[in-house]
Amino acid sequence: ISMMKMFAKCLLVCGVLLPMAETVAAQTESSDFNPHFEGGVYAGYTVPIAYDSGLVCPEVVAGYRFNPYLFVGGSVANILYDPDFCSGLIPVMADARGFISCGARWAIYGEIGMGVAVGYGGENTNFAFQIGPGFEYGRFSFGAIAMHYDDAWTIMTFKVGWKF
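The following paragraphs examine the structure supplied in this document. Small disclaimer: the values here were computed from a predicted structure and weren't measured.

**Some details on the packing of aromatic side chains**
Argument step 1. Applying the stated criterion across every chain yields a total of six aromatic pairs.
Argument step 2. When the ring of Tyr 64 is compared with that of Phe 66, the centres are 4.9 Å apart and the planes differ by 70°; the resulting orientation is edge-to-face.
Argument step 3. Taking the relative accessible area as the measure of exposure, Phe 66 reaches 43% and is therefore partly exposed.
Argument step 4. Connected via pairs of aromatic rings, a cluster forms that spans Trp 106, Phe 135, Tyr 137 and Phe 142.
Argument step 5. When the ring centre of Tyr 42 is taken as reference, the NZ or CZ atom of Lys 159 above it lies at 4.8 Å.

**Things to note about the pairing of strand S5 (residues 87-101)**
Argument step 1. Taken together, the seven bridges between strand S3 (residues 70-77) and S5 define a ladder with antiparallel strand orientation. If you follow Leu 70 over to S5, its bridge partner there is Gly 98.
Argument step 2. As paired strands, S5 and strand S6 (residues 106-120) are joined by 14 bridges and run antiparallel to one another. Pairing of Phe 99 across the sheet is with Tyr 109, part of S6.
Argument step 3. In textbook terms, the turn of a hairpin is the stretch between consecutive antiparallel strands, and for S5 and S6 this stretch comprises four residues, one of which, Gly 103, has a positive phi near 140°.

**Topic: the pattern of salt bridges**
Argument step 1. If you walk through the whole model with that rule in mind, you get six salt bridges.
Argument step 2. Note that Arg 65 is salt-bridged to Glu 38, the shortest N-O span being 3.2 Å. With Arg 65 in strand S2 (residues 56-67) and Glu 38 in strand S1 (residues 36-48), this residue pair connects regions lying 27 residues apart in the sequence.
Argument step 3. By relative accessible area, Arg 65 is classed as buried at 8%.
Argument step 4. Since its relative accessible area comes to 8%, Glu 38 is described here as buried.
Argument step 5. We note a salt bridge from Glu 136 to Arg 97, for which the minimum N-O separation is 3.9 Å. One end of the pair, Glu 136, is in strand S7 (residues 126-137); the other, Arg 97, is in strand S5, with 39 residues separating them in the sequence.

**Digging into the side chain of Glu 136**
Argument step 1. By relative accessible area, which is 4% here, Glu 136 ends up buried.
Argument step 2. Among residues more than four places away in sequence, those in contact with Glu 136 are Arg 65, Arg 97, Phe 99, Arg 105, Trp 106, Ala 107, Tyr 109, Ser 141 and Lys 163.

**Remarks on a nonpolar patch on the surface**
Argument step 1. A surface patch of nonpolar side chains, amounting to about 910 Å² of accessible area, comprises Phe 37, Val 41, Val 60, Tyr 64, Phe 66, Leu 70, Val 72, Phe 140, Trp 162 and Phe 164.
Argument step 2. Those elements that provide at least two residues to the nonpolar patch are S1, S2 and S3.
Argument step 3. The biggest single contributor to the nonpolar patch is S2, with three residues.
Argument step 4. With respect to the helices, strands and loops of the structure, Val 60 is situated in strand S2.
Argument step 5. The class of Val 60 is partly exposed, set by a relative accessible area of 48%.

Cut-offs used in this document
- Residues numbered from 1 in each chain as written.
- Predicted model: local features only at pLDDT ≥ 70, side-chain atom pairs only at ≥ 80, totals over all residues.
- Heavy atoms only, no water.
- Phe/Tyr/Trp six-rings, centres within 6.5 Å; stacked < 30°, edge-to-face > 60°.
- Buried < 20%, exposed > 50% of the residue type's maximum accessible area, 1.4 Å probe, protein only.
- Lys NZ or Arg CZ within 6 Å of the ring centre and 35° of its normal.
- Pairing = 2+ DSSP bridges.
- Helix = DSSP H or I, 4+ residues; strand = E, 2+ residues; numbered from the N terminus.
- Salt bridge = Lys/Arg side-chain N within 4 Å of Asp/Glu carboxyl O.
- Contact = heavy atoms within 4.5 Å.
- Patch = residues over 30% accessible without salt bridge, like charges linked within 9 Å, V, L, I, M, F, W, Y side chains within 5 Å.
- Areas by Shrake-Rupley, 256 points an atom, 1.4 Å probe, with all protein chains shown as cover.

Spelled out as C-alpha cells, the structure:
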C-alpha cells in the first residue's frame, strides 16, 4: 500500500470518528463521567518507511479528558534510528483523540497530532504530523500511528500502553 493510500485511509478513519463522537456526545448523557487529567506510558515498535531498521519507541502522553469523547494533550517520544551512531528523533507533539464507546470498557479512537521532531546524531529537526486509529480496553491502549517528517511519510509506529 502506498503511503498516500495509507494517509487517505487514516484521514477517512479520523474524519468519520471525530464527527461521530460529537454526535454521540450530543445524544448521550454520561452522568458518571468527570473531566480529568489523563496520562499514559507507551512502548511502540517503529517500522521505518524511509530508514533501514525498526526499533522500540518509548512514549509519554499527558493531557485532559474533557468528556468521554474528547482528549487533548501532548506527547514526547524517542525514536532511535541507529543505535551504533546514536541518531534519531524526539517528537514533541500536541495531540487530540476522538473516542467512540463500544461498551463498558472498550472504545475506538482516531488520533491526530502536530509538532516538532527534534533530531539528534545528525538527523534534521523538522515539523512533524501524525495520524492514526487505535482502541482502548480499560486502562490499556493500542494504536497505529503514521508520522510525516522531513517532507515524507517516514515512520509507522504500532504501540501499546497503560493509561493513568
